[in-house]
Amino acid sequence: MSDILKSCQYVPKLITMPWFPWELFRCEGECEQYCLSACCGICAPEHQPPPNMGSGVAIPERRSSASSRQAKQKRKSHSLSIRRTNSTEQERTGLQREMLEGQDSKLPLSLRSNLLDLFGQIEREFENLYIENIELRREIETLNDRLTAEGQTIDGGDLTKGALKAKASHSTSQLSQKLKTTYKASTSKIVSSFKATTSRAVCQLVKEYVGHRDGIWDLSVTRTQPVVLGTASADHSAMLWSIETGKCLLKYLGHAGSGVFEASLSALSTASGDQTAHIWRYTVQLPTPQPVADISQTPCDDDIDFSDKDEADGDGDGPNECPSIRVSSTTLRSHQGVVIAADWLVGGKQVVTASWDRAANLYDVETSELVHSLTGHDQELTHCCTHPTQRLVVTSSRDTTFRLWDFRDPSIHSVNVFQGHTDTVTSAVFTVGDNVVSGSDDRTVKVWDLKNMRSPIATIRTDSAVNRISVSVNQRIIALPHDNRQVRLFDMSGVRLARLPRSNRQGHRRMVCCSAWCEDNSSCNLFSCGFDRQAIGWNINIPALLQEK
């Protein structure tokens, strides 16, 4: 075979077909026919194949891997040339039939005929592509002539398809960059103006309460005099703070669990990972208020992270010097899991707790007895809240629902199930009216009417999971603490009012866990806490906020 290939003046071309199992050759002679051997003998009769190869259709013998690779490399160096002949399709088909009849092959005649038909279709496709390619080149030359006449030709005067593409891409990039710059400039002005009015004039950071050694899960403000701020932390402690001075007044160390999760301050009740809730009494003396410094103007290093501060880094009159309590007056036991929340029922004689054992318990504080066990949730509870004026309790759960429990009639304890979230309901709280506001890990907050629980009357969609929310009593403004370190304010209809300022110099640096309103305080009327180990007191100019709305 190698001798025939070297001496034949008509060089055979190897055609590779992925769906064809043998090597296929095409003679470069006048017939341009396809053969299974390197030389069919039609174009060069003096070079007939040896008898052991048959009549030009025998399958070539297998070569060694090295020689096979070399032969393939030589054949790939030749480009596949497609020549158009003047013969009609009928003449070509007739010639192919004559070739089939004169060749000896083990393939059935019908299969060989089908193969030839397929090869003919492939050749026609290539011819069509070749014609289209010629037409495209002519169009390119025409465009080049136009650009040359306009003085916009590319260097060298030869505008190829790649050059056209590059020029178009460059023009598109310039236009895109111009649009981006214009859009960014316009939106930056809007955002800057929004931040200037909201962050500085309406929402101001007033005080930071630093002293816990771990993340702060919850905080609330006492409903009786003296009004103090209470925080509950994962460092197994709860602290009482002076709102005006930021000084720690009292520390409770009675829990032995994995962390204190709730401090509902009417008397004082704390819930913990040790599966108990504690009631403890306190007496504090408020210090003399000092002039409030503007923390937002205090220079500090951008890299400071208050979450890394230890208790020893605090002020000299910080938590190290405040008195502590280690024994509770009442311990409530009956849960079989972590007690995640606690709240006082109206009247101050009963307290309700929520636990990871999927139940909420109602206790009598004086006797420590379990009055009711509220069961029905399919997964762990995340929060519980009581109505400020009625004997109503709402419990939220990881089963994407929250339930309303009615204790107004001592003989009937009804329950209503609210469904509407697609992920864990992190909290559900009452408003002064007949509404419940629920927040969820599905990044939504929904406002519900207690008289119609089929669907929410308003839905707030955010970009981050929502934690324990709070609603102001007088103006009914919802404060949303987020996983993304933001705190946003909305009204009951779902209109966004403001976002509390946050930067390297002020605001939370980790997830914000809880918010609490105290509208009666003149200096700080909103509080927030988070995993950065600090609680923050904010001054929200509510009239100005509502006026901007």
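Just above, that's the structure.
Residues numbered from 1 in each chain as written. Predicted model: local features only at pLDDT ≥ 70, side-chain atom pairs only at ≥ 80, totals over all residues. Heavy atoms only, no water.

Trainee: How should the sheet that holds strand β15 (residues 350–355) be read in this particular structure?
Mentor: Within a sheet, each strand pairs with its neighbour through backbone hydrogen bonds, oriented either parallel or antiparallel. Strand order in the open sheet formed by 4 strands is β14-β15-β16-β17, and the pairing between neighbours is antiparallel. Of all strands in the sheet, those bounded by a partner on one side alone are β14 (339–344) and β17 (370–375). When strand polarity is set aside, the average angle formed by the axes of neighbouring strands in this sheet is 20°. Sheet topology places β14 next to β15; 5 bridges connect them, and they run antiparallel. Of the residues in β15, the one forming a bridge with A341 is A354. (Pairing = 2+ DSSP bridges. Helix = DSSP H or I, 4+ residues; strand = E, 2+ residues; numbered from the N terminus. Axes fitted to C-alpha atoms, helices over the stretch in contact; angles between N-to-C directions.)

Trainee: Looking at this model, I keep getting lost on the side chain of T382. Mind explaining?
Mentor: For T382, the position within the fold is in strand β18 (residues 381–386). Only 2.5 Å separates the side chain of T382 from the backbone oxygen of V425, close enough to count as a polar contact. (Polar contact = N/O pair within 3.5 Å; in protein donor to acceptor, adjacent residues only side chain to side chain.)

Trainee: How should the pairing of strand β6 (residues 229–233) be read in this particular structure?
Mentor: Remember that side chains alternate between the two faces of the sheet whenever the strand is regular. Judged by how many residues are buried, β6 sits mostly within the fold: 5 of 5 residues are covered. Of the two faces of β6, the one holding L229, T231 and S233 and the one holding G230 and A232 are both buried throughout. In terms of strand pairing, strand β5 (residues 216–221) meets β6 through 5 bridges, oriented antiparallel. When the bridges of β6 are listed, L219 appears paired with T231. Strand direction decides the pairing type here: β6 and strand β7 (residues 238–241), joined by 4 bridges, are antiparallel. (Buried < 20%, exposed > 50% of the residue type's maximum accessible area, 1.4 Å probe, protein only.)

Trainee: How should the pattern of salt bridges be read in this particular structure?
Mentor: Side-chain pairing between opposite charges can occur once the charged atoms of the two side chains come close. In this structure the tally under the stated criterion is 6 salt bridges. Notably, a salt bridge pairs R408 with D406, separated by 2.8 Å at the nearest N-O pair. Its relative accessible area of 48% is what places R408 among the partly exposed residues. (Salt bridge = Lys/Arg side-chain N within 4 Å of Asp/Glu carboxyl O.)

Trainee: Help me understand the nonpolar core in this model?
Mentor: Counting 25 residues, the largest nonpolar core has F402, F430, V437, L450, I478 and L480 as the members making the most contacts within it. At the level of elements, β19 (392–397), β20 (401–409), β22 (425–430), β23 (435–440), β24 (444–449), β25 (458–461) and β27 (478–481) are the ones that each hand at least two residues to this core. Of the residues forming this core, the biggest block, 4 residues, is contributed by β22. Beyond its immediate stretch of four places on either side in the chain, F430 contacts C385, T386, H387, P388, L392, V393, V394, L404, N435, V436 and L450. (Core = buried A, V, L, I, M, F, W, Y, C linked by side-chain atoms within 4.5 Å. Contact = heavy atoms within 4.5 Å.)

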